[in-house]
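Understanding the architecture of this molecule
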Amino acid sequence: MSINYSEKIPNNVNLAEDRALQRALEHWQPGFLNWWRDVGPEGAQVFDVYLRTATSVEPEGWAQFDYVKMPDYRWGIFLNPPQPDRTIPFGEHKGEPVWQEVPGEHRANLRRIIVTQGDTEPASVEQQRHLGLTAPSMYDLRNLFQVNVEEGRHLWAMVYLLHKYFGRDGREEAEGLLERRSGDADNPRILGAFNEKTPDWLAFFMFTYFTDRDGKFQLLALSESGFDPLARTTQFMLTEEGHHMFVGRSGISRIVHRTAQVMRENNAEDPAAVRALGVIDLETIQRYINFHFSVTVDLFGADQSSNAATFFSSGLKGRFQETALADDHVLKGDSYRLTAVEDGALVEREAGALNTLNERLRDDFIADSMNGIARWNRQIELEGIPFRLRLPHKGFNRRIGGFAGAHISPDGRVIGAEEWQAGLKHWLPTMDDRAFVASLMGRVVTPGLFANWIAPPPVGINGNPVDFEYVRFN
Ligand code: BYC
């Protein structure tokens, strides 16, 4: 399974043996590079960036670090090795051998899943395009670029599946992935959160903490797929995803740490006083959490979805840790508890397990998201500050599913339109919050220096010191 880097498109799938596929992908490649130049990291094409590149999919050979100009990054096609005799772990085909080709009756659904997944990858690069201009340090700048090139590779991962397994309509979908644009009025990205702006570094860290974590859970569900090439592709993507969530978790951690430290040193609690000290007040951080959490939980789809039931029953998309779960993996007579709005109140009720699989994955995501909150609160507590961050109620600010249309406060009360309107400025980032955060964004790129509003990380990348020259500007 070693990766062949001597070819135009690095791969571990013997691409050279399939000339037609190789030609088709080599034809797509210049379009990808044009897309990267047009809407990838702004003004950064000639920088030498200290990046990791996969050299093999084995755990010990995973990454090699070196200076690379981003347009020369070796984007390619890397799948985990097949597991011999693997069978479909769930759904109506449970126990049958996994598919190596697309089963005709599931073709349209499978394509839809792959396109939706693929669409998020370039979207995030577009959303993060301008952030390099305001990096709080060289260390952070390098991490941004690492995330960006790997999202580019995740796009390659989905494009490979489309080209290899879906013929002409797969090739058309692969073109479409380069044509849609995040936030474009006429041709937007498919899912809501990927059309939002990521205008500042607080938003970037929130995005990589929450939205990349949706990536983790969706990829985990797809890594159980009965369509083996999708399972093997997403298994390898997950190893890259870990770093992205680390960037988010540690980034927010360093911001919270710095704020709490400055608050203690200056005995400041009032948000205006905290802002005057040049750090981000905890109230604003909470409002950013509320925003990014709520747009991200929408990404799991409706709480009751016949699509989700079909994806599962037909063996295309499993649950979080499917193979480790102790049930029949078919779920026909089973139920799941969900929260709904009935007659102006939140009620718990049972619904069919198959139709509620989106909700179940969302709940798994929420449980996982709590870890960061607990960690950030420990830092606030260590500085002796009474404030605590929290996740809002999952019904807060929803656009998709049963909560959409209801007004639910962050603490989980169904409220009227008036209270909702009055509360918004306390619950979601205001223009003033965004302008304040923007006012802090200046470019700090001297090795070892950090913007005032964020603490340095405890250690650097790949065993290097924090003041290592992670980017050479040439
Ligand atoms: N925005 O039946 P439902 C990542 C649509 S992130 C707009 O509940 P379903 C990454 C839906 O399409 C992971 N529209 O939908 C992170 C449907 O439309 P139609 C991405 C939405 O299919 C950071 C309708 O509403 N991967 O990797 O059960 C950086 C009814 O909804 C939204 C995946 O998502 C929305 N948020 O569930 C880089 C995995 N939600 O048919 C990368 C693949 C729903 O009525 N995707 N709609 O026109 C899926 O598994 C499913 O498509 C979804 C939606 C879970 C997203």
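The structure contained in this document is the topic of the report that follows. (Residues numbered from 1 in each chain as written. Predicted model: local features only at pLDDT ≥ 70, side-chain atom pairs only at ≥ 80, totals over all residues. Heavy atoms only, no water.)

Digging into the site of the ligand
As a structural note, the neighbourhood of the ligand is formed by 30 residues, with Q117, G192, A302, S305 and K317 the closest of them. The side chain of Q117 places a nitrogen or oxygen atom 2.7 Å from a nitrogen atom of the ligand. At 3.0 Å from an oxygen atom of the ligand is found a side-chain nitrogen or oxygen belonging to N358. When the ligand sits alone it has 1100 Å² of accessible area, and the protein chains cover 80% of it. Among the elements of the structure, α2 (107–127), α5 (201–222) and α9 (306–313) are those that each provide at least two residues to the shell around the ligand. (Near = heavy atom within 4 Å. Polar contact = N/O pair within 3.5 Å; in protein donor to acceptor, adjacent residues only side chain to side chain. Areas by Shrake-Rupley, 256 points an atom, 1.4 Å probe, with all protein chains shown as cover. Helix = DSSP H or I, 4+ residues; strand = E, 2+ residues; numbered from the N terminus.)

Things to note about the packing of α2 against α5
One can describe the packing of α2 onto α5 by two numbers: an axis separation of 12 Å at closest approach and a directional angle of 160 degrees. Comparing their axes, α5 and α2 come out roughly antiparallel. Here the hand of the crossing between α2 and α5 comes out left-handed. Here I113, Q117, S124 and Q127 of α2 come into contact with α5, specifically with F207, Q218, L219 and L222. (Axes fitted to C-alpha atoms, helices over the stretch in contact; angles between N-to-C directions. Parallel < 35°, antiparallel > 145°, perpendicular 65-115°, else oblique. Left-handed = near helix turned anticlockwise from the far one by under 90°. Contact = heavy atoms within 4.5 Å.)

A short note on the sheet that holds strand β5 (residues 471–472)
Strand pairing in a sheet is mediated by backbone hydrogen bonds. Such pairs are either parallel or antiparallel. Spatially, three strands are ordered β2-β1-β5 in an open sheet, and the strand pairing comes out antiparallel. The open sheet terminates on both sides in strands that have one partner only, identified here as β2 (63–69) and β5. In terms of strand pairing, strand β1 (residues 48–54) meets β2 through seven bridges, oriented antiparallel. Across the sheet, D48 pairs through a bridge with K69, a residue of β2. Contacts from helix α3 (residues 138–165) reach β1, β2 and β5, with the element oriented near 45 degrees to β1. (Pairing = 2+ DSSP bridges.)

Observations regarding helix α8 (residues 282–297)
Structurally, the α-helix is built with 3.6 residues per turn, so residues lying three or four positions apart point the same way. With 16 residues, α8 extends 22 Å between its outermost C-alpha atoms, agreeing within 8% with the 22 Å of an ideal straight helix rising 1.5 Å per residue. For α8, the tally of buried residues reaches 15 of 16 residues, placing the bulk of the element in the interior. (Expected span 1.5 Å × (residues − 1). Buried < 20%, exposed > 50% of the residue type's maximum accessible area, 1.4 Å probe, protein only.)

Some details on the side chain of S124
Mapped onto the elements, S124 comes out in helix α2. Among the residues examined, S124 registers a relative accessible area of 2% and is labelled buried. A distance of 2.9 Å separates a polar atom in the side chain of S124 from the backbone oxygen of E121. In this view, S124 contacts E151, F194 and F207; residues no more than four positions away in its chain are not counted.

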